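Residue-level structure breakdown
Here's the letter readout for the chains.
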Amino acid sequence: MSEMIIKNGFVFDPLAGIKGEKKDIGIKDGKIVDASEVKKGKEIDASGKTVMAGGVDIHTHVVGPKVNVGRLMRPEDKLFRSRTKERNTRMQMGFAVPSTYATGYAYARMGYAYVNEAAMPPLHSPHVHEEIRDTPILDISAMPVMGNNWFQMEYLKQGEIENNAAYTAWLLRATKGIGIKCVNPGGTEAWGWGMNCLTIHDPVPYFDITPAEIVKGQIQTNEFLGLPHSLHVHGNNLGNPGSAETTLDTLKLAEGITTNNKFGREQVLHNTHLQFHSYGGTGWGDFESASQKMMDYVNKQKNISFDVGFVTLDETTTMTADGPFEYHLNHLNHLKWANVDVELETAAGVVPFVYDKNSKVCDIQWAIGLELALLAKDHMKCHLTTDHPNAGPFTRYPRVIKWLMSKQARDELLHSFKYADKVIDATIIESMDRELDLYEIAQMTRAGTAKCLGISNMYGGLTPGMNANVAIYDLNPEDMPKDPEMIESAFSRAAYMIKDGVVVVENGDVIATTPRKTIWTDAKYPLNELVERDIREKFLKYYTVELENYMVFDDHVYNTVPLEVESPAA
Ligand SMILES: [Zn+2]
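Structure report, in brief.

Scoring rules and cut-offs
Residues numbered from 1 in each chain as written. Predicted model: local features only at pLDDT ≥ 70, side-chain atom pairs only at ≥ 80, totals over all residues. Heavy atoms only, no water. Helix = DSSP H or I, 4+ residues; strand = E, 2+ residues; numbered from the N terminus. Rg over C-alpha atoms; globule rule 2.2 N^0.38 Å. Buried < 20%, exposed > 50% of the residue type's maximum accessible area, 1.4 Å probe, protein only. Contact = heavy atoms within 4.5 Å. Areas by Shrake-Rupley, 256 points an atom, 1.4 Å probe, with all protein chains shown as cover. Lys, Arg positive; Asp, Glu negative; His and termini not counted. Charge placed at Lys NZ, Arg CZ, Asp CG, Glu CD. Phe/Tyr/Trp six-rings, centres within 6.5 Å; stacked < 30°, edge-to-face > 60°. Lys NZ or Arg CZ within 6 Å of the ring centre and 35° of its normal. Pairing = 2+ DSSP bridges. Donors = N, O, S within 2.8 Å, 3.2 Å for Na, K, Ca; no water. Salt bridge = Lys/Arg side-chain N within 4 Å of Asp/Glu carboxyl O. Axes fitted to C-alpha atoms, helices over the stretch in contact; angles between N-to-C directions. Parallel < 35°, antiparallel > 145°, perpendicular 65-115°, else oblique. Nonpolar A, V, L, I, M, F, W, Y, C, P; charged D, E, K, R; others polar.

**Details of the overall build of the protein**
Helix and strand counts for the protein stand at 18 helices and 26 strands. Its C-alpha radius of gyration of 22 Å places the protein within 12% of the 25 Å reference for a compact globule of 570 residues. With respect to the principal axes defined by its C-alpha atoms, the protein has extents near 65 × 60 × 45 Å. Among the 570 residues that make up the protein, the fraction classed as buried is 65%. Sequence separation of at least 24 residues holds for 78% of the intrachain contacts in the protein that already meet a minimum separation of 6. For the protein, the accessible surface area stands at approximately 20,400 Å², while carbon and sulfur atoms represent 50% of it. In the protein, 57 positive and 75 negative side-chain charges are present, and the distance between their average locations comes to 4 Å.

Next comes the structure, spelled out in structure tokens:
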């Protein structure tokens, strides 16, 4: 079909251990091949430029019901624009919660190829898949939310890992999801009665199971099935001063558990947006960073990974399956609040939030995210996210990269804060000289995230046989710009973005779109009679939909690529 060669670029491919080597990359029929195999076709001159695999985002909220509630309740967030140069694109709107079309184009401009939707309520999976269909260029997976699911709380209360595994495998098939997402375990169910679980030992009303038992049971279920990704946790007590203690209690639940999977994943627990979970102090008056304490622990654990959730200091919209947290936030800032409770499964809330640069608290949050990433010893396990749009829109990733790569950029901003002295007292950011390099940025944005999701045989690298997703940035690693703003602009507008072998972005403008894929996990562990009976009974008694209409119809899911997992030996 089509052939292409990318010549003379500086290649950063951590999955293959390539650190800025000058190297040609060949592409044939949508896959990476050895450059010597390309005889004809398009030639791209990448001399003096940085070449990386297409970006892989491990945690973002881009499709589904709560995202759409965010779009509906915030017409003031809309910016309508249609770039004159981008003639074949649809209208793009929304700053913090962009429309589906704007989302796909904006990720592609930054050189991203794959995103993982972080929270899909199982009952509403058709909504998620409808929006995936309308999101251009990107390959997408979605994680069904399970930390407050009635079936799972009942099985795990009894220690029935195999029954829970059978239900989980069924739910992944029913929703076409990729893995197990756990949000405020137990707490969101407690919120069904207006309550919460703030520590890992607070029992869930009526179910009488604790968050600790839910998390531990879900890790065991995940490794029993051998799923590509690990358990993906947003723990209890998010966003409160002192949350670091709860987080460390949660992380310790993974101690002594080893991975069981054929996908190259090394962790058993992924803690998402760790920044919101690394707070010290006892109230907003003595609020301080606990990043050092957090990373002293995390750096020693081989079976834990995390993404940061960097605060970008913008006006944005928060949206999470953590219902009680959103209510709490609404009481702090008195802005609009939306809430949706989903029968037997989960809940969600949406509240606008202004991370004001003149607020001491927001600036400390900004510092904590950067500290976590600068203290990390292994950037394969520390990933770049903003929990889009919770800590800021994903379009700010290039700005975050600038802060990580330039102490000058950090210091200039820090010293422009109204309460700079108080922020410096409550954090360690001013004393940190470390500047990350392009190899570490490639680990945080593609190699590490792909490995952690269990898809590093197809995404996140440039080894022959992998999908031909390549980002080329106008940055010369041998002559990095003195002005840090140039780093932000280079990562904002890729010189070229190639998706499945097709040039989709040139000089920062979208010039084409390509077919894309929905990735999900087909765990071939069968339902047993007991679990099948439980499912039928709960649908008859409690669900408002029929079981036959619950599972997302095959023709409702766009271009599926299953990750197949053989069932464990009986
Ligand atoms: Zn999230």
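What follows continues from the structure just given.
**Observations regarding the packing of aromatic side chains**
In total, this model carries 24 aromatic pairs according to the counting rule given. Centroid distance Tyr-107 to Phe-394: 3.8 Å. Interplanar angle 5°. Geometry classified as stacked. Within this pair, whereas Tyr-107 is found in helix 2 (residues 100-109), its partner Phe-394 is found in the loop between strand 20 (382-383) and helix 12 (397-405), the two being separated by 287 residues in sequence. With respect to class, Tyr-107 is no different from Phe-394; both count as buried. Between Tyr-279 and Phe-287 the ring centres are 4.9 Å apart and the planes differ by 85°, which places this aromatic pair in the edge-to-face class. We classify Tyr-279 as buried; its relative accessible area is 0%. Taken together, Phe-151, Tyr-167, Trp-170, Phe-539, Tyr-543 and Tyr-550 form an aromatic cluster joined through their ring pairs. Lys-252 extends its terminal NZ or CZ atom over the ring of Tyr-297, reaching a point 5.8 Å from the ring centre. Cation over ring: Lys-538 sits above Phe-151, and NZ or CZ is 5.1 Å from the ring centre.

**Notes on the pairing of strand 2 (residues 18-28)**
In terms of strand pairing, strand 1 (residues 3-13) meets strand 2 through nine bridges, oriented antiparallel. From the neighbouring strand, Met-4 faces strand 2, where its bridge partner is Ile-27. Hairpin remark: strand 1 followed by strand 2, antiparallel, with four residues in the connecting loop; positive phi at Gly-17, about 70°. Pairing between strand 2 and strand 3 (residues 31-33): three bridges, direction antiparallel. Across the sheet, the residue bridging to Lys-28 is Lys-31, located in strand 3.

**Notes on the coordination of the zinc ion**
Distances from the zinc ion to its protein donors, His-59 (NE2), His-61 (NE2) and Asp-387 (OD), fall within 2.0 to 2.1 Å. Here the donor residues of the zinc ion share one chain and are spaced in sequence as H-x1-H-x325-D. We note that His-59, like His-61, is buried.

**Comments concerning the pattern of salt bridges**
A complete count under the given rule lists 30 salt bridges for this structure. Of the charged contacts, one joins Arg-536 and Glu-548 as a salt bridge, the two residues approaching to 3.6 Å between their closest N and O atoms. Placement of Arg-536 in helix 17 (residues 529-541) and of Glu-548 in helix 18 (residues 547-550) is noted, with a sequence separation of 12 residues between them. Of the residues examined, Glu-548 reaches a relative accessible area of 49% and is grouped as partly exposed. A network of salt bridges, in which partner residues are shared, links Arg-74, Glu-76, Glu-315 and Lys-336.

**A closer look at the packing of helix 1 (residues 65-73) against helix 3 (residues 125-133)**
Contact pair helix 1 / helix 3: the axes reach a minimum separation of 9 Å and the direction vectors enclose 70°. Here helix 1 is positioned roughly perpendicular relative to helix 3, judged by the angle of their axes. Seen from helix 1, the contacting residues are Pro-65, Asn-68 and Arg-71; seen from helix 3, they are His-127, Val-128 and Glu-131. Residues belonging to the contact of helix 1 with helix 3 are distributed by class as follows: two nonpolar, two polar and two charged.

**Considering the sheet that holds strand 19 (residues 346-354)**
Taken in spatial order, the three strands of this open sheet run 17-19-18, and their pairing is antiparallel. Where the open sheet ends on each side, the last strands, each with one partner, are strand 17 (315-320) and strand 18 (338-342). Adjacent strand axes in the sheet meet at a mean angle of 15° when their direction is disregarded. Two elements, strand 18 and strand 19, share five bridges in a ladder whose sense is antiparallel. Paired with Asn-339 across the two strands is Gly-349, which belongs to strand 19. Along the sheet face, helix 1 touches strand 17, strand 18 and strand 19 and points at about 40° away from the line of strand 19.

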